[in-house]
Amino acid sequence: MYLGLRVVRGIVGFIALWQVLSLLPVITWIATPGSITSTMVLVVSVKAILLVLFAATYFAMRDLINKRHAKSGSRHPVLSSQWSL
């Protein structure tokens, strides 16, 4: 069960990172603010919302895995870092 949760957490973390990387081109929009369309703003808004949701899920799953370990004994030592899977 822990392996499945860690795999799902890894996939969720990958999707969150993917959203961050896809938002990097927005930085180049600063040079040409006149070329920003409403569609571009909509796409950035959707990606930002997805980033927040997937990042929150990533960190919440860490707590879930820790609680599962606590029920069965003690906290898993690998999960002491917030960024570890």
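In this report, the structure presented in the accompanying data block is examined. Residue numbering note: each chain is counted from 1, following its sequence as written. Confidence filtering applies because this is a predicted model: local features only for residues at pLDDT of at least 70, side-chain atom pairs given and counted only at 80 or more, and all residues used for totals across whole chains, interfaces and linings. Hydrogens and water are ignored here; the side-chain numbers use all heavy atoms of the structure.

Notes on the overall build of the chain
Now for step 1: Counting from the N terminus, the helices are DSSP H or I runs at least four residues long and the strands are E runs at least two residues long. Of the regular secondary structure elements, the chain holds two helices and zero strands.
Now for step 2: Each of the 85 residues in the chain was classed as buried or not, and the buried ones make up 18%.
Now for step 3: Here, residues are in contact when the closest pair of their heavy atoms is within 4.5 Å. By sequence separation, contacts in the chain at least 24 residues apart represent 68% of the contacts at least 6 residues apart.
Now for step 4: With the model as given, the accessible surface of the chain reaches about 5,900 Å², and the carbon-plus-sulfur share is 76%. A 1.4 Å probe rolled over the protein chains alone gives each residue an accessible area, and that area as a share of the maximum for its type sets the label: buried under 20%, exposed over 50%, partly exposed in between. Here, Shrake-Rupley sampling with a 1.4 Å probe gives the accessible areas, and only protein chains in the shown set may cover a residue.

As for the pattern of salt bridges
Now for step 1: Definition used for salt bridges: Asp or Glu carboxyl oxygen within 4 Å of a side-chain nitrogen of Lys or Arg. One pass over the full model with this rule turns up one salt bridge.
Now for step 2: A salt bridge links arginine 62 to aspartate 63; its shortest N-O distance comes to 3.7 Å.

Section: the packing of aromatic side chains
Now for step 1: To pair, rings of Phe, Tyr and Trp, with the six-membered ring standing in for Trp, must have centres within 6.5 Å; the planes then decide the type, stacked if under 30 degrees apart, edge-to-face if over 60, and tilted in the middle. Enumeration according to the criterion identifies two aromatic pairs in this entry.
Now for step 2: With 6.2 Å between their ring centres and 40° between their planes, phenylalanine 14 and tryptophan 18 make a pair best called tilted. Here phenylalanine 14 and its partner tryptophan 18 are both found in helix α1 (residues 2–23), four residues apart, which amounts to about one turn of the helix.
Now for step 3: By relative accessible area, phenylalanine 14 is classed as exposed at 52%.
Now for step 4: Since its relative accessible area comes to 52%, tryptophan 18 is described here as exposed.
Now for step 5: Aromatic side chains tyrosine 58 and phenylalanine 59 sit 5.2 Å apart centroid to centroid with 80° between the ring planes, which places their arrangement in the edge-to-face category.
Now for step 6: According to the relative accessible area criterion, tyrosine 58 is buried, its value standing at 9%.
Now for step 7: Sitting over the ring of tyrosine 58, arginine 9 keeps its end group 4.0 Å from the ring centre. A ring is considered to have a charge above it if a Lys NZ or an Arg CZ atom is located within 6 Å of its centre and within 35 degrees of its normal.

A closer look at α1
Now for step 1: Here α1 is 22 residues long and its end C-alpha atoms lie 32 Å apart, about the 32 Å a rise of 1.5 Å per residue gives.
Now for step 2: Within the span of α1, buried status applies to Leu5, Arg9, Val12, Gly13, Ala16, Gln19 and Leu23. Take α1 and look down its axis: the buried residues cluster within an arc of 115°, on one side only. The exposed set on the far side of α1, more than 90 degrees from its buried face, consists of Leu3, Phe14, Trp18 and Leu21. Every helix has an expected span of 1.5 Å times one less than the residues it contains. The reported arc concerns the directions from the helix axis to the C-beta atoms and nothing else.

Without other data, these values stay purely geometric and don't point to any function.
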